[in-house]
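Breakdown of the fold
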Amino acid sequence: MATATLTQEQVQLSPPKPVRAARVVNPWVVALTVTLATFMELLDTSIANVSLPYIAGGLGRSYDEVTWILTTYLVANAVVLPMSAWLSRVFGRKTYYMACVALFTITSFFCGIAPSLNIMLLSRVLQGIGGGGLAPVEQAILVDTFPPAKRASAFALYTVAIVTAPAIGPVLGGWITDNYNWRWVFLINIPIGILSLFLTNRFVSDPPSYAEERKTVRRDGKLRVDGIGIALIGLGSAALEVLLDRGQIDDWFGSSFITWMFVIGVTCLTVAVFWELHHSDPVIDFRMLKVRNFAIANLFYFVFGFGLFASTTMIPQLLQSLYGYRAIDAGLVLGPGAFVITVLAPVGAQLVQRSIIHPRILLFGAVLVVGISFLHYSHFNLDTDYNHYALARALQGLGYAFFFVPLSVIAYSQLSPGQNNKASSLTNFFRNWGGSFGIAFITTVSERRQNFHQSTVGSNLNGSSHYLQQSVQQTAAYLQAHGFSHADALKASYARYYEQLHAQTQLLAFMDCFHLIGVITLIAAPLVLVTRYFKVGGKAGPAH
């Protein structure tokens, strides 16, 4: 009996087996982890731009040939980006995200050691495939990690990444190329990628509700693949990206190649929309655009990408070609805008989270400021100094600091948690295409408007003008006094005034681009007020 009692006491006194509790990770650790790789990918969209002449020399190819290094990356990126929601459901979001980071990192290494252009282009295609899934998956992770009441702060961090990375890219690329070697433009991704993989594996996990969402891509244990949708979207996106990136280089529809890209792109994407609307489990769920707030938000994602990428491309080009700035100096002009965004984006998040200003009102004001900043640029001249350009960029940054956060809150305001993953692909799809259209827009319009201004100014500048001839003769006399022959001095004098004419007309063309972008932005602004009212931090309203 005593033995029995002792055994019972031993049983009672023996400690129970510990139950392993689910590890709770600070959501900001998750946010910083996923933003790291996205920043790296967005940096790569522009970092190689200023290095192209050095890459051409290193690989023994012409400049026109190596521009395909940019095109192939953008094409692969555009193909994968809209499919990322479907792919993450097939493989699991964390697994897919880590696979994208790993592929991006490995192919960055092969880009850095590429001995020939062919290997470089193949590596860039694979790098674009890996990079295409990062931004939309990060946005979906942020939406699921943070509750609606605190989501605005996460979007502020995301804003800093997507705005500053493309601006820093050309500066960093120029600095690396000037001080080291163009290959390091790609090789710097390797340690960042390894760190991102380590942190993602340790801190990121799929939410429990995501398991149910993944079941939708399988029926009776078999994977359901929308093969026709994938083919149509992939081919259409690739053709349209090639069209936008190479159109001006190949004289648009004067080239049969560009004409075919237009036909293929428009046909495939038109058929894809019809097909996806009638498919039970589409790769891209265009039916979500029936939700008013989400549809209007995507229009502003397009406007956001259009203005941001157009200006980020145009300002360094303008400063380097007309003002003689080095790449790093031109990049410093973009610095104040990035600084303003970094400082004020969290302020915008707090204004939204604390319901001090409703996202609709904040976004409306932000769009107006961005539009006004572009109109402000359009009044500059060849005497405008660094301070004026930097302040104008800071004004633009002021608008963008309060642009993306309320926009993202509006986009997800009427969506259920199960729609977040698909929504992130669509929002990034529109933002990405906005950027591509913006770059194509300024590339084409600046050249066309320069031809227009050169024709207009030239026709009004009479070669027999007394003032012109007097100025030419004075300059020629000065050059003769400094050792030029009469013929060479006269020729150099005419060349100098032609260069001035060219600079003035080029500036006028850039100013026209700023003016048009500003007008487009301001025209879009009233659409913000058409969105449905919602309570910030509340549950999703009815999707209509």
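As shown above, the structure is provided for reference.
Just so you know, these numbers come straight off a predicted model, no measurement behind them.

The rules behind these values
Residues numbered from 1 in each chain as written. Predicted model: local features only at pLDDT ≥ 70, side-chain atom pairs only at ≥ 80, totals over all residues. Heavy atoms only, no water. Salt bridge = Lys/Arg side-chain N within 4 Å of Asp/Glu carboxyl O. Helix = DSSP H or I, 4+ residues; strand = E, 2+ residues; numbered from the N terminus. Buried < 20%, exposed > 50% of the residue type's maximum accessible area, 1.4 Å probe, protein only. Expected span 1.5 Å × (residues − 1). Phe/Tyr/Trp six-rings, centres within 6.5 Å; stacked < 30°, edge-to-face > 60°. Axes fitted to C-alpha atoms, helices over the stretch in contact; angles between N-to-C directions. Parallel < 35°, antiparallel > 145°, perpendicular 65-115°, else oblique. Contact = heavy atoms within 4.5 Å. Nonpolar A, V, L, I, M, F, W, Y, C, P; charged D, E, K, R; others polar. Polar contact = N/O pair within 3.5 Å; in protein donor to acceptor, adjacent residues only side chain to side chain. Left-handed = near helix turned anticlockwise from the far one by under 90°. Patch = residues over 30% accessible without salt bridge, like charges linked within 9 Å, V, L, I, M, F, W, Y side chains within 5 Å. Areas by Shrake-Rupley, 256 points an atom, 1.4 Å probe, with all protein chains shown as cover.

1. A look at the pattern of salt bridges
Per the stated rule, a full pass over the model turns up six salt bridges. With its nearest N and O atoms 3.2 Å apart, the salt bridge here joins Arg 124 to Asp 44. Of this pair, Arg 124 sits in helix α8 (residues 117-132) while Asp 44 sits in helix α2 (residues 27-44), placing them 80 residues apart in sequence. Judged by relative accessible area, Asp 44 falls into the buried class, the value being 0%. A salt bridge links Asp 285 to Lys 422, with the shortest nitrogen-to-oxygen separation between them at 3.9 Å. Here Asp 285, found in the loop between α15 (256-277) and α16 (292-322), pairs with Lys 422, found in helix α21 (residues 420-460); they are 137 residues apart in sequence, far enough to count as distant. Among the residues examined, Lys 422 registers a relative accessible area of 21% and is labelled partly exposed. Three or more residues joined by partner-sharing salt bridges are found here, namely Asp 285, Arg 287 and Lys 422.

2. Details of helix α5 (residues 68-80)
The terminal C-alpha atoms of α5, which comprises 13 residues, lie 18 Å apart, in line with the 18 Å expected from a rise of 1.5 Å per residue. All of the buried residues along α5 are Ile 69, Leu 70, Thr 71, Thr 72, Tyr 73, Val 75, Ala 76, Asn 77, Ala 78, Val 79 and Val 80.

3. Examining the packing of aromatic side chains
Here the structure, examined in full by the defined rule, presents 24 aromatic pairs. For the pair Phe 306 and Phe 441, a centre-to-centre distance of 5.3 Å together with 55° between the ring planes defines the contact as tilted. Highlighted residues: Phe 306 in helix α16 and Phe 441 in helix α21, separated in sequence by 135 residues. Pair check on accessibility: Phe 306 and Phe 441 agree, each one buried. By the ring-pair criterion, three or more aromatic residues cluster together here, those being Phe 302, Phe 306, Phe 429, Phe 430, Trp 433, Phe 437 and Phe 441.

4. Notes on the packing of α8 against helix α9 (residues 134-145)
For the pair α8 and α9, the least separation of the axes is 5 Å and the interaxial angle reads 15°. The angle between the axes of α8 and α9 places the two elements in the roughly parallel class. Residue-level inspection shows Gly 130, Gly 131 and Gly 132 of α8 in contact with α9, the latter providing Leu 134, Ala 135 and Pro 136. Residues that form the contact of α8 with α9 fall into these classes: three nonpolar, three polar and no charged.

5. A word on the environment of Ile 230
Along the chain, Ile 230 falls in helix α14 (residues 227-246). The class for Ile 230 is partly exposed, based on a relative accessible area of 23%. Measuring from C-alpha to C-alpha, the distance between Ile 230 and Ala 272 comes to 8.6 Å, with 42 residues separating the pair along the chain. Sequence-distant contacts of Ile 230, that is, excluding residues within four places in its chain, are made with Met 83, Trp 86, Val 225 and Val 283.

6. A word on the side chain of Gln 248
Position of Gln 248 among the secondary structure elements: in the loop between α14 and α15. A distance of 3.3 Å separates polar atoms of two side chains, one belonging to Gln 248 and the other to Thr 444. With sequence-adjacent residues up to four places away left out, Gln 248 is seen in contact with Thr 443, Thr 444, Glu 447 and Arg 448.

7. Some words on the packing of helix α17 (residues 327-353) against helix α19 (residues 386-401)
It is the contact of α17 with α19, at a shortest axis distance of 7 Å, that shows an interaxial angle of 30°. Taken together, α17 and α19 sit at an angle that is classed as roughly parallel. Here α17 and α19 pass one another in a crossing that is right-handed. Seen from α17, the contacting residues are Leu 332, Val 333, Leu 334, Pro 336, Gly 337, Val 340, Ile 341, Leu 344 and Ala 345; seen from α19, they are Tyr 386, Tyr 389, Ala 390, Arg 393, Ala 394, Gly 397, Leu 398, Tyr 400 and Ala 401. Split into classes, the residues belonging to the contact of α17 with α19 amount to 15 nonpolar, two polar and one charged.

8. Concerning a nonpolar patch on the surface
Taken together, Phe 253, Trp 260, Phe 262, Val 263 and Val 266 make up a surface patch of nonpolar side chains, about 490 Å² in accessible area. Topologically, Val 263 is positioned in helix α15. By relative accessible area, which is 37% here, Val 263 ends up partly exposed.

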